[in-house]
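Inside the fold
Here's the letter readout for the chains.
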Amino acid sequence: MTPTTPPLLAVEGLSVTFDTPDGTVAAVQNIDLAVAPGECVGIVGESGSGKSQLVLAILGLLAANGRATGRVRFRGTELFGARRVQLARLRGRALSIVFQDPMTALNPYLTIGTQMTEGLGHHLGLTGAAARARAVEMLARVQIPDAAARLKSYPHELSGGMRQRVMIATALLCRPALVFADEPTTALDVTVQAQILALLADLRRTDQMGLVLITHDLGVIAGLADRVVVMYAGRIVEAAPAEALFAAPRHPYTRALLESLPRLDGPADRPLPAIPGQPPDLRHLPRGCAFRPRCPLAVDRCAAERPRLRPAGGPTRSTACHLDLDLDLDGDGGGDGAIGSEAAP
C-alpha cells in the first residue's frame, strides 16, 4: 500500500468485551489494523488470543453478549453503527468470510446448491441455470470432483475437507473485495491446500481482493501473507512485513512460536522447543505484560508495566516489549527498554 492508496479496511481502537456470569471479559483490546486492496494480512496466535473475535466484531457478527467499540471503515464507510440492511448488502457481496467450522456454518437441512445459489440471487440477481453454473464453476476451482452432482448433496454427505472447500467456494462466489478466512486450510490435505492457496493468490492478483488470513499454520502465513500481526491475550504484540518477521522476530512470543516449528535444516536429534505454561485466563490477566509468566527474557519491569505497541526496527514494524530483541539476541535481558509502556492495571 502506497502512502496515497486508501486502505480497503481501516480498524482503529477496536475492543471487544463479553458479559459473562463471572463478569466482563475483554477478548480484544485496542486493535489497529489496515488492509490494502490486493494485500494479505496474516493474523497468528494461540487459541483464545482474540483472532476470531476480532474478525466477527468487524463484520458485526458477535454473540448477543458481546460488545465492540472503536472504528471500522470499509472503503471509507463506517461499519459500526451502520443499519442492519446496509451490513446485509455488504456481507457476502463485498465482504465475505470463511468460517473455521464448516459443519456448523453450513445449514444441515439445505443442499449445497441451495445454500450457494441463494447468495447469488440476493447479491447478484443470478437465478436458475445461471446461478447453478456459477456455483459449479467455483466448486471446480476449489477442486471439488463432479461439482455439478455435489450441488444436490447435503453437508453431512461430504467429508470434512470437502465441506471446507464448499465454504471457501461460497465465500468467493460473488468475487468479494475483502475476504476473512479463519483457518481455511485446516481440514485439507497438503495437495489441495496448495491449490486453494494458489487460487487465493490468483484472486488477489487479478481482482485486487484483500485477504485477512487467520491461521495457526505459520507455513501458510510465510507463503501467502504480505504482513503479519501476532496476537496474544487479546492484544497485538508484534506487527511486521512477513519476510522481516520470519527473518528477525522482535517479540519473545513471536520468536517462541517460530522456534517451536520443526526445521529441515536443523540437527535431526534437536528436541522441539515448546512454549511453557498455558495462555492466560482473560478474566484474570497477570499484572504488566501478559506473556511475562511464560517469557524466558522477563525482567522486573515486565511485571510492573504493560508494554505499549510502538515502532521498532523501522516504520513498518512494531512490537509490544520492553526489550529490544534486535540487540538482545542472547536472551540476557539487557535490552534498552525503549519501546514504551503503560501502567499495569
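Before any of the text, the structure's been laid out above.
Keep in mind that what you see is a predicted model, and the values were worked out from it rather than measured. (Residues numbered from 1 in each chain as written. Predicted model: local features only at pLDDT ≥ 70, side-chain atom pairs only at ≥ 80, totals over all residues. Heavy atoms only, no water.)

**Remarks on the nonpolar core**
We apply this condition: We call a set of buried Ala, Val, Leu, Ile, Met, Phe, Trp, Tyr and Cys residues a nonpolar core when their side-chain atoms join them within 4.5 Å. Accessibility here uses a 1.4 Å probe with only protein chains present; expressed as a share of the type maximum, an area under 20% marks a residue as buried, one over 50% as exposed, and anything in between as partly exposed. By the criteria applied, helices consist of DSSP H or I runs no shorter than four residues and strands consist of E runs no shorter than two, each listed in order from the N terminus.
Core analysis: the largest hydrophobic core is formed by 103 residues, its most contacted members being Phe 74, Leu 172, Leu 178 and Phe 180. Considering each element in turn, this core owes the most residues, 7 residues, to helix α7 (residues 160–172).

**Looking at the pairing of strand β9 (residues 227–232)**
The test is simple: The criterion for strand pairing is that DSSP finds at least two bridges linking the strands in question.
For β9, a buried count of 5 out of 6 residues is recorded, marking the element as mostly surrounded by other parts of the structure. Bridge count for strand β3 (residues 40–44) against β9 is 4 bridges, and the pairing is parallel. Bridging across to β9, Val 44 finds its partner in Val 230. Looking at chain direction, β9 and strand β10 (residues 235–241) are connected through 6 bridges and run antiparallel. Note on β10: the bridge partner recorded for Val 228 is Ala 240. Counted along the chain from β9 to the antiparallel partner β10, the turn is 2 residues long, and its residue Ala 233 has a positive phi close to 55 degrees.

**Description of the pattern of salt bridges**
Where side chains of opposite charge bring their charged atoms close, a pairing between them can arise. Cut-off, in case you're wondering: Just to be clear on terms, a salt bridge is a Lys or Arg side-chain nitrogen sitting within 4 Å of an Asp or Glu carboxyl oxygen.
Counting across every chain of the model gives 13 salt bridges. For Arg 227, the salt bridge goes to Glu 39, with nearest N and O atoms at 2.6 Å. Of this pair, Arg 227 sits in strand β9 while Glu 39 is found in the loop between β2 (23–35) and β3, placing the two residues 188 residues apart along the sequence. Given a relative accessible area of 25%, Arg 227 falls into the partly exposed group. Across the pair Asp 207 and Arg 175 runs a salt bridge whose closest N-O atoms are separated by 2.8 Å. With Asp 207 in helix α8 (residues 190–207) and Arg 175 in the loop between α7 and β7 (178–182), this residue pair connects regions lying 32 residues apart in the sequence. Because the salt bridges share partners, they merge into one network encompassing Asp 22, Asp 281 and Arg 283.

**Details of the sheet that holds strand β5 (residues 77–78)**
Rule in force here: It only takes one pair of heavy atoms within 4.5 Å for two residues to be counted as in contact. Note on method: axes are straight lines fitted to C-alpha atoms, helices fitted across the in-contact stretch only, with angles between N-to-C directions ranging 0 to 180 degrees.
Spatial strand order, β2-β1-β4-β5: 4 strands in an open sheet with antiparallel pairing. The sheet is open, and its two edges are formed by β2 and β5, each paired on a single side. Looking at chain direction, strand β1 (residues 9–20) and strand β4 (residues 66–74) are connected through 8 bridges and run antiparallel. Directly across from Leu 9, in β4, lies its bridge partner Phe 74. Taken strand by strand, helix α1 (residues 51–58) contacts β1, β2 and β4, and its axis lies near 110 degrees from that of β1.

**Points about the sheet that holds β10**
Reading across from one edge, β6-β7-β8-β3-β9-β10-β13-β12 is the order of the 8 strands in this open sheet, with mixed pairing throughout. Edge positions in the sheet fall to β6 (95–98) and β12 (310–311), since each has one partner strand and no second. With 4 bridges joining them, β3 and strand β8 (residues 210–214) adopt parallel strand pairing. Opposite Ile 43, over in β8, you have Ile 214 as the bridge partner.

**Side note on unusual backbone geometry**
In the Ramachandran plot, Glu 183 falls in the positive-phi region, its phi being about 50 degrees despite a non-glycine side chain. Its location among the elements puts Glu 183 in the loop between β7 and α8. For Glu 183, a relative accessible area of 6% corresponds to the buried category. In this structure, Ala 233 takes a positive phi of about 55 degrees despite not being glycine. Topologically, Ala 233 is positioned in the loop between β9 and β10.

**Remarks on α8**
Using the following cut-off: How far a helix is expected to stretch is found by multiplying one less than its residue total by 1.5 Å. Here a polar contact is recorded for every N or O atom pair within 3.5 Å, except that within protein the pair must consist of a potential hydrogen donor and a potential acceptor, and residues adjacent in sequence are included only if both atoms are side-chain atoms.
For α8, which comprises 18 residues, the first-to-last C-alpha distance of 25 Å matches the rise-based estimate of 26 Å (1.5 Å per residue) to within 8%. On its buried face, α8 sits against β3, α5 (128–141), α7, β8 and α9 (218–224). One side-chain oxygen of the residue at the start of α8 lies 3.1 Å from the amide nitrogen of Thr 191, identifying that residue as Asp 189. Trailing α8 by a residue or two, Gln 208 shows a phi angle of about 55 degrees, which is positive.

**Observations regarding the pairing of β3**
Consecutive side chains along a regular strand alternate between the two faces of the sheet. Burial runs high along β3: 5 of the 5 residues are buried. Of the two faces of β3, the one holding Cys 40, Gly 42 and Val 44 and the one holding Val 41 and Ile 43 are both buried throughout.

**Topic: α5**
What counts here: What the arc measures is the spread of directions leading from the helix axis to the C-beta atoms.
When the terminal C-alpha atoms of α5 are compared, their 20 Å separation across 14 residues agrees well with the 20 Å that a helix rising 1.5 Å per residue should span. Turning to α5, its buried residues are Ala 131, Ala 135, Met 138 and Leu 139. Buried residues of α5 fall within an arc of 105 degrees about the axis and therefore sit on the same side. Lining the buried residues of α5 we find α4 (112–124), α6 (147–150) and α7. Remark: Gln 143 follows α5 within two positions and exhibits a positive phi of approximately 70 degrees.

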